[in-house]
Amino acid sequence: MMSSKGQHVVPNGGKWSVRKAGASRATGTYSTQGEAIQEARKIAKNQGSELYIHGRDGRIRERDSYGNDPKRSKG
């Protein structure tokens, strides 16, 4: 089982979906990849999880981590 509960931005037909790792249904579907990334980033930041951005070919092309980032101070 995957321990990371990251958010994935994945191609979905002509649109883009945000899907939580391991979830069968998308959290949301957007007309542009930019919108999907914006939404997924918001969720990942809130959860302190990973953000995976997939290209049109379905392969991961970018990854951001909002977990243990030393640049962010925990106040």
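Residues numbered from 1 in each chain as written. Predicted model: local features only at pLDDT ≥ 70, side-chain atom pairs only at ≥ 80, totals over all residues. Heavy atoms only, no water.

Undergrad: Quick rundown of the overall build of the protein? Include the residues and the values.
TA: Within the protein one finds 1 helix and 5 strands. Along the protein, from the amino end to the carboxyl end, the secondary structure elements read β-β-β-α-β-β. Buried residues in the protein amount to 35% of all 75 residues. When the accessible surface of the protein is split by element, carbon and sulfur atoms take 46% of a total near 5100 Å². (Helix = DSSP H or I, 4+ residues; strand = E, 2+ residues; numbered from the N terminus. Buried < 20%, exposed > 50% of the residue type's maximum accessible area, 1.4 Å probe, protein only. Areas by Shrake-Rupley, 256 points an atom, 1.4 Å probe, with all protein chains shown as cover.)

Undergrad: So what about the sheet that holds strand β3 (residues 28-30)? Which residues, and what values?
TA: If you trace the 5 strands from one edge of the open sheet to the other, you get β3-β2-β1-β4-β5, paired in mixed fashion. Each edge of the open sheet is held by one strand with a lone partner, namely β3 and β5 (60-65). Across the sheet, the axes of successive neighbouring strands diverge by a mean angle of 20°, strand direction being ignored. Pairing between strand β1 (residues 7-12) and strand β2 (residues 15-20): 6 bridges, direction antiparallel. When the bridges of β2 are listed, Asn12 appears paired with Lys15. (Pairing = 2+ DSSP bridges. Axes fitted to C-alpha atoms, helices over the stretch in contact; angles between N-to-C directions.)

Undergrad: Give me helix α1 (residues 33-47): which residues, what numbers.
TA: Helix length check: α1, at 15 residues, gives a terminal C-alpha distance of 21 Å against a target of 21 Å (1.5 Å per residue), a fit within 8%. Turning to α1, its buried residues number three or more, namely Gln33, Ala36, Ile37, Ala40, Ile43 and Ala44. Axial view of α1: buried residues confined to an arc of 135°, hence all on one face. With respect to the buried face of α1, the exposed residues turned more than 90 degrees away are Gln38 and Asn46. Structurally, α1 contributes buried residues whose contacts are with β1, β2, β3, β4 (50-54) and β5. Of the residues flanking the end of α1, it is Gly48, one or two places downstream, whose phi is positive at about 65°. (Expected span 1.5 Å × (residues − 1). Arc of directions from axis to C-beta. Contact = heavy atoms within 4.5 Å.)

Undergrad: Run through the side chain of His54, naming residues and quoting values.
TA: Along the chain, the position of His54 falls in strand β4. Looking at His54, its side chain comes within polar contact range of the side chain of His8, at 2.9 Å. (Polar contact = N/O pair within 3.5 Å; in protein donor to acceptor, adjacent residues only side chain to side chain.)

Undergrad: Mind laying out the pairing of β5, listing which residues take part and the relevant values?
TA: In this sheet, β5 lies alongside β4 in antiparallel orientation, the contact comprising 5 bridges. Bridged to Glu50 within β5 is Ser65.

Undergrad: So what's going on with the pairing of β1? Which residues, and what values?
TA: The antiparallel pairing of β1 with β2 creates a hairpin that spans 2 residues between the two strands, and Gly13 there sits at a positive phi of about 65°. Pairing between β1 and β4: 3 bridges, direction parallel. Bridged to His8 within β4 is Tyr52.

Purely geometric numbers; function is a separate question.
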